[in-house]
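Each chain is listed here by its residues.
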Amino acid sequence: MNLSDAMFAIAAGQLRSTAATLDAQIAQLRDTQEWRGPDADKFFQEWETDVTGKLHAAAMKLDALALIPFL
Amino acid sequence: MSTKLGMNTTTADSVAATVASLGLGLEAIDEEVRLARLVSLNPLDFLLNPGALILTPASIGIAMSVSADITNARAQLDYLVEKLRQEATQQNQVSNSLVSTDPGWFAPGPTAKKPEDVTPFDEAIDVFGIFSKISDYVGIVGGVFDAVEKWWKNLPPGVTKVVKAVTKVGKFIPFIGIGFSITSTVLDWDNDNVWGNVRNIIGVGLDAASIVAAVTLVPPLTPVGAVIEGTLLGVGLAWDVMDVAWDAHDDGDWKFPWE
């Protein structure tokens, strides 16, 4: 495998895309209001914080990765 | 327990299917980052990935954090999907219960447990990948040895016979060579020519190395041993030629053009 900045950029893009898909999926569930109440609120909050939030954080960190250029 | 009954289980299944389809992508990204970290920290992994670039020291720490984030996100996804399905199942059972005595009213709530987050330090275990992957490397080396052994066994009997005969006689040659080297080093010893003495000692060292390397001539390692011994022989000969030329130069038999 040849590591490159481009590879990390692609991976970061994939993470953001994954997060967006997951967000859309859960937004759809929220919009239908099939499930409401404190449990539902907690579920949606955990989804945003622990899943999509972490994926966005990972993507940002991937953007910051740097390779040693002379090797 | 929710305030609204009747979340459709197909909704939960749909979310689960989406998550499952995305899981492989997340796993692949995690594997890429992990490999980048290993290649950057473990010389063996670097050698096994020709042409790989390595991360800067600061980025290695960031990569550990990325892996922790992805690992945690995946674990939380599994937990939340399980919780959603259990919730949907429970709501479905309750919704299908017409009277309060129906068993559906007593359906258990979600039992999924929230997983504990891993930290970047947990990912640091891979820093010691050189140790954790030792079994892999042993396996690779073992595979090479097996292949060599198989190759040796499949050689025509005539060839193996000749090789065995040659090695039987040939294994004494280094001992004869080192005897000559030691004798000439002692006889040529000159306190006024330290470099000359060092050259002779290096010659003895090369002969000694060829004796040690003779263990590799034992079948089925013979082909590998022949390469090692051949290399030592070539280096030894080149060294001897250089030594003789240097001696002649020191004796004034010849000079460099610029001298």
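Going by the structure above, here's the rest.
Just so you know, these numbers come straight off a predicted model, no measurement behind them.

Can you break down the packing of helix α8 (residues 173-187) of chain B against helix α9 (residues 194-212) of chain B residue by residue, with the values?
Residues and elements named next belong to chain B. Direction vectors running N to C along α8 and α9 enclose 165°, while the axes themselves pass 9 Å from each other. Viewed along their axes, α8 and α9 adopt a mutual orientation that is roughly antiparallel. Crossing hand, α8 versus α9: left-handed. Contacts from Pro174, Phe175, Gly177, Ile178, Ser181, Ile182, Ser184 and Thr185 in α8 reach Asn200, Ile201, Gly203, Val204, Asp207, Ala208, Ser210 and Ile211 in α9.

Break down helix α2 (residues 38-64) of chain A for me, citing the residues and quoting the values.
Residues and elements named next belong to chain A. Between the first and last C-alpha of α2 there are 37 Å, a value that for 27 residues agrees with the 39 Å anticipated at 1.5 Å per step. Of all the bends found along α2, the most pronounced is centred on Gly53 and spans about 35°. Looking only at α2, the buried set comprises Ala40, Phe43, Trp47, Asp50, Val51, Thr52, Lys54, Leu55, Ala58, Ala59, Lys61 and Leu62.

Explain helix α1 (residues 9-41) of chain B residue by residue, including any values.
A rise of 1.5 Å per residue sets the reference length of α1(B), with its 33 residues, at 48 Å; its end C-alpha atoms lie 47 Å apart and thus fit the reference within 8%. Its maximal kink placed at B:Leu22, α1(B) deviates by approximately 30°.

Go over the interface of chain B and chain A, please, and point to the residues and values.
At the interface, 40 residues of chain B touch 36 residues of chain A. The set of elements that each furnish at least two residues to the side of chain B that touches chain A consists of α1 and α3 (57-95) of chain B. For the side of chain B that touches chain A, a count of residues per class yields 21 nonpolar, 14 polar and five charged.

So, the packing of α2(A) against α3(B): which residues are in play, and what are the values?
The geometry of α2(A) relative to α3(B) is characterised by a closest axis approach of 9 Å and an angle of 155° between their N-to-C directions. The orientation of α2(A) relative to α3(B) falls into the category roughly antiparallel. When you trace α2(A) past α3(B), the crossing you get is left-handed. Taken together, the residues of α3(B) that come into contact with α2(A) (itself represented by A:Phe43, A:Glu46, A:Trp47, A:Asp50, A:Val51, A:Lys54, A:Leu55, A:Ala57, A:Ala58, A:Lys61, A:Leu62 and A:Ala64) are B:Ile62, B:Ser65, B:Val66, B:Asp69, B:Ile70, B:Asn72, B:Ala73, B:Gln76, B:Leu77, B:Leu80, B:Lys83 and B:Leu84. Split by residue class, the contact of α2(A) with α3(B) holds 15 nonpolar, three polar and six charged.

Any chance you could break down unusual backbone geometry for me, citing the residues and the numbers?
Its identity is not glycine, yet A:Gln33 carries a phi of approximately 55°, on the positive side. Relative to the assigned elements, A:Gln33 resides in the loop between α1 (5-32) and α2.

So what about the nonpolar core? Which residues, and what values?
Counting residues in each nonpolar core, the largest one holds 45 residues, and the members touching the most others are A:Leu15, A:Leu62 and B:Ala63. Among the secondary structure elements, those contributing two or more residues to this core are α1 and α2 of chain A together with α1 and α3 of chain B. At 12 residues, α3(B) tops the list of elements feeding residues into this core. Ignoring sequence-local partners within four residues, the contact set of A:Leu15 consists of A:Leu55, A:Ala58, A:Ala59, A:Leu62 and B:Ile29.

Conventions adopted
Residues numbered from 1 in each chain as written. Chains lettered and ligands numbered in written order. Predicted model: local features only at pLDDT ≥ 70, side-chain atom pairs only at ≥ 80, totals over all residues. Axes fitted to C-alpha atoms, helices over the stretch in contact; angles between N-to-C directions. Helix = DSSP H or I, 4+ residues; strand = E, 2+ residues; numbered from the N terminus. Parallel < 35°, antiparallel > 145°, perpendicular 65-115°, else oblique. Left-handed = near helix turned anticlockwise from the far one by under 90°. Contact = placed C-beta atoms within 7 Å. Expected span 1.5 Å × (residues − 1). Bend = angle between axes of the 7 residues up to and from the residue. Buried ≥ 20, exposed ≤ 12 C-beta atoms within 10 Å, placed from the backbone. Nonpolar A, V, L, I, M, F, W, Y, C, P; charged D, E, K, R; others polar. Core = buried A, V, L, I, M, F, W, Y, C linked by C-beta atoms within 7 Å.

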